[in-house]
Amino acid sequence: AFAVSVVSEGAEDETELPVLQKSEKSRTISNIGRELKGIVFVIQSQSNSFHSKRAEDLKRDILKQAVDLGKELPTVLLIHQINRHEGAWTILPLMRDFSVTYGRNSSWIFFCEEDTRIQVVKLLETLRRFDKSKEWFLGKALYDEESTIIHHYAFAENPTVFKFPDFAAGWALSIPLVNKLAKKLKSEPLKSDFTIDLKHEIALYIWQKGEGPHLTPVPEFCTDDVNSYKVDHCATTFSNFLPLCGEPVNKEDVFVAVKTCRKFHGDRIPVVKQTWEREAALIEYYSDFADISIPTIDLGIPNTDRGHCGKTFAILERFLNHTSPKTPWLVVVDDDTLISIFRLRKLLSCYDPNEPVFLGERYGYGLGTGGYSYVTGGGGMVFSRTAVQKLLASKCRCYSMDAPDDMVLGMCFSGLGIPITHSPLFHQARPMDYPKDYLSHQIPVSFHKHWNIDPVKVYFTWLAPNTEESHNGKKVGYSREDL
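Being a predicted model, the structure only gives us computed values, none of them experimental. (Residues numbered from 1 in each chain as written. Predicted model: local features only at pLDDT ≥ 70, side-chain atom pairs only at ≥ 80, totals over all residues. Heavy atoms only, no water.)

So, on to the environment of P213. Inspection of the secondary structure assignment puts P213 in the loop between helix 7 (198–207) and strand 10 (216–217). Separated by 176 residues in the primary sequence, P213 and Q389 place their C-alpha atoms 47 Å from one another. When residues no more than four places from it in sequence are discounted, the contact partners of P213 are E135, F137, L177, I206 and W207. (Helix = DSSP H or I, 4+ residues; strand = E, 2+ residues; numbered from the N terminus. Contact = heavy atoms within 4.5 Å.)

Rendered as structure tokens:
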């Protein structure tokens, strides 16, 4: 307004206009710098070399955008570098540290995944709409259309009422909310319980049975691909493609072990043979009964009604001692796992088999008080030969033959200092157990369970190679039936 009034007083003052505009611009840049410094970016990163590089690339991009805006730089943290907590990836154990370190001089903690893309200026504009002195929980809202086992059938009467954030779009907590959570965690430490779906569990903890804030949906937090025509309004986008880092690994580089038992030979194994078996060059079925028609191999381990630790460790021993040492990858699946070996071979091109890689969908146990992470078995567990060698060279074994194999493996690898590598493309449950909007930006690798579905139809709708409509690794949308 001052610049306009000066110009109106006469032509002799027009020379002052550029100076004033420049001053206004510098004030704007200064304000942006202060706002930007008030945001702590937290990338939900992993220590595996492939993932840590992607997180570092995102950190560099955020800081480059900040440099272009002015001198003030935000703080950018990588979760996997916060080593004091085994459960750092579950985020809530970090709230006290966030509060102590950033509780006075920051405004927001903004979380994102390594493949989230951020337009920093638009993010600042978006956060500006919210009073930073209040408690805010912001994100792109997901919800269950029907109650589901992975959320312990929460809100069974109307699951659509409870919203939780899609991490891929980024999500934010205001500092007053961080401080409140830190105070609560100090007086009521997290229970030693399971972490199954982190985004839902964080939303539940923040909501506090109605005493805390609900998630506020933010339309500028998006999961559309960066090249989509829809993203003009978006502060965030998501690189929604199946990673491909060169040629897919050879079929002969992946050995597939299927865990089964006699009572399921007649109904589950035919599904495997009708669907994904043809994608595997090296596959063996391990059972408690040798059936030459399949054929199955009896490892001499009786079937148990609970966990299958004895059987899984026998499979690991067999892989190490009875397969070619040139086969770098082992995949262990249940007989009711539906998996795309075709897509898995693409994904594995991004991982170094000389590293001890233990890959799949990550769960946690007791991470509020130490505990460990593990790969949940139903979605498929992928091991590099190096990881199997390190595991079997240790003395870590089953505490009982019917112990839960996936949890014992998690405990063992945790003790060896080998982190779980998480991929959201593996799924412990069925497609219908996940929000459609969540699956819409994925090219899934696996699903699990045959309950109340036609598993052959699910495979050919979601996982079969002929549904892979992709170009140079980038996803092209294709319709899926409501399964």
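Right, let's get into the packing of helix 9 (residues 309–322) against helix 12 (residues 405–415). The interhelical angle for the contact between helix 9 and helix 12, taken along N-to-C directions, is 60 degrees, at an axis separation of 8 Å. Taken together, the axis directions place helix 9 and helix 12 in an arrangement best described as oblique. Mapping the contact onto sequence places C309, T312, F313 and L316 in helix 9 and D405, V408, L409 and C412 in helix 12. Class assignment of the residues belonging to the contact of helix 9 with helix 12 gives a composition of 6 nonpolar, 1 polar and 1 charged. (Axes fitted to C-alpha atoms, helices over the stretch in contact; angles between N-to-C directions. Parallel < 35°, antiparallel > 145°, perpendicular 65-115°, else oblique. Nonpolar A, V, L, I, M, F, W, Y, C, P; charged D, E, K, R; others polar.)

A word on the packing of aromatic side chains. With the rule as written, the count across this model stands at 24 aromatic pairs. Taking 4.9 Å as the distance between ring centres and 80 degrees as the angle between the ring planes, the aromatic pair formed by Y459 and F460 counts as edge-to-face. Joined through ring pairs, the aromatic side chains of F98, Y102, F111, F137, F167 and W171 make up one cluster. Stacked on the ring of Y438, the Lys or Arg K199 has its end atom at 4.1 Å from the ring centre. (Phe/Tyr/Trp six-rings, centres within 6.5 Å; stacked < 30°, edge-to-face > 60°. Lys NZ or Arg CZ within 6 Å of the ring centre and 35° of its normal.)

Attention now moves to the pairing of strand 19 (residues 372–375). Remember that side chains alternate between the two faces of the sheet whenever the strand is regular. Of the two faces of strand 19, both are covered, the one formed by Y372 and Y374 as well as the one formed by S373 and V375. Relative to strand 19, strand 18 (residues 362–365) runs antiparallel, the two sharing 4 bridges. Note on strand 19: the bridge partner recorded for R362 is V375. (Buried < 20%, exposed > 50% of the residue type's maximum accessible area, 1.4 Å probe, protein only. Pairing = 2+ DSSP bridges.)

Mapped onto the elements of the fold, H441 is located in the loop between helix 13 (436–439) and strand 22 (446–448). Of the polar contacts made by the side chain of H441, one reaches the side chain of D166; its length is 2.7 Å. (Polar contact = N/O pair within 3.5 Å; in protein donor to acceptor, adjacent residues only side chain to side chain.)

Time to look at the UniProt feature "domain: Fringe-like glycosyltransferase" (unreviewed entry) in the protein chain. Feature annotation in UniProt assigns "domain: Fringe-like glycosyltransferase" (unreviewed entry) to the following positions: residues 102–185 and 248–458. Within residues 102–185, the helical portion is 25% and the strand portion 23%, while the C-alpha atoms at the span's ends are 17 Å from each other. Split by type, residues 248–458 is 27% helix and 21% strand. Its first and last C-alpha atoms lie 24 Å apart. (UniProt positions renumbered as here; feature names shortened; annotations may be inferred.)

This part takes up the state of the cysteines. Taken as a whole and assessed by the stated rule, the structure comprises 4 disulfides. Across the disulfide, C222 is cross-linked to C234 (sulfur-sulfur distance 2.0 Å). One quick way to see it: the torsion about the S-S bond of C222 and C234 is about -95 degrees, and its sign makes the bridge left-handed. Linking C222 in the loop between strand 10 and strand 11 (236–238) with C234 in the loop between strand 10 and strand 11, this pair joins segments that are 12 residues apart in sequence. (Disulfide = S-S within 2.5 Å.)

Attention now goes to the pattern of salt bridges. For the structure shown, the criterion picks out 23 salt bridges. Linking R128 and E35 is a salt bridge whose minimum nitrogen-to-oxygen distance equals 2.8 Å. You can see R128 sitting in helix 5 (residues 120–128) and its partner E35 sitting in helix 2 (residues 16–37), a full 93 residues away along the chain. In this structure E35 comes out as partly exposed when scored by relative accessible area, which is 27%. Close ionic contact of D336 with R268 constitutes a salt bridge, the shortest N to O distance being 3.8 Å. Separated by 68 residues along the polypeptide, D336 in the loop between strand 15 (329–334) and strand 16 (337–339) and R268 in helix 8 (residues 268–274) bring together distant segments of the chain. Each of K53, D57 and R60 takes part in salt bridges that share partners, so that together they form one network. (Salt bridge = Lys/Arg side-chain N within 4 Å of Asp/Glu carboxyl O.)

Another aspect to go through is the confidence of the model for the protein chain. Of the residues in the protein chain, 90% reach a pLDDT of 70 or more, and the chain-wide mean stands at 90. Scored below 50 in pLDDT, residues 1–20 makes 7 contacts in the model with residues more than four places away or belonging to other chains. When the criterion is pLDDT under 50, residues 468–479 qualifies, and its contacts beyond four places in sequence or with other chains add up to 27 contacts. (pLDDT = per-residue confidence, 0-100.)

Below, the discussion takes up the domain arrangement of the protein chain. The domains assigned to the protein chain are domain 1 (34–238) and domain 2 (251–465). When each unit is reduced to the centre of its C-alpha atoms, the spacing between domain 1 and domain 2 is 30 Å. At the junction of the two partners, domain 1 supplies 32 residues and domain 2 supplies 33 residues. Interface area for domain 1 against domain 2, summed over the two sides, is near 2700 Å², with a carbon-plus-sulfur share of 54%. It is E86, W89 and F194 that lose the most area in domain 1 upon contact with domain 2, and together they represent 20% of the buried surface on that side. Remark: the boundary between domain 1 and domain 2 carries 2 salt bridges. Linking K140 and D437 is a salt bridge whose minimum nitrogen-to-oxygen distance equals 3.0 Å. Our count for the contact surface shared by domain 1 and domain 2 stands at 10 residue pairs in polar contact (both at pLDDT 80 or more). Every element with two or more residues in the side of domain 1 that touches domain 2 is listed here: helix 3 (49–69) and strand 9 (194–195). If one sorts the elements of the side of domain 1 that touches domain 2 by residue count, helix 3 sits on top with 3 residues. (Domains from an automatic or database assignment. Buried area = accessible area lost by both parts, 1.4 Å probe.)

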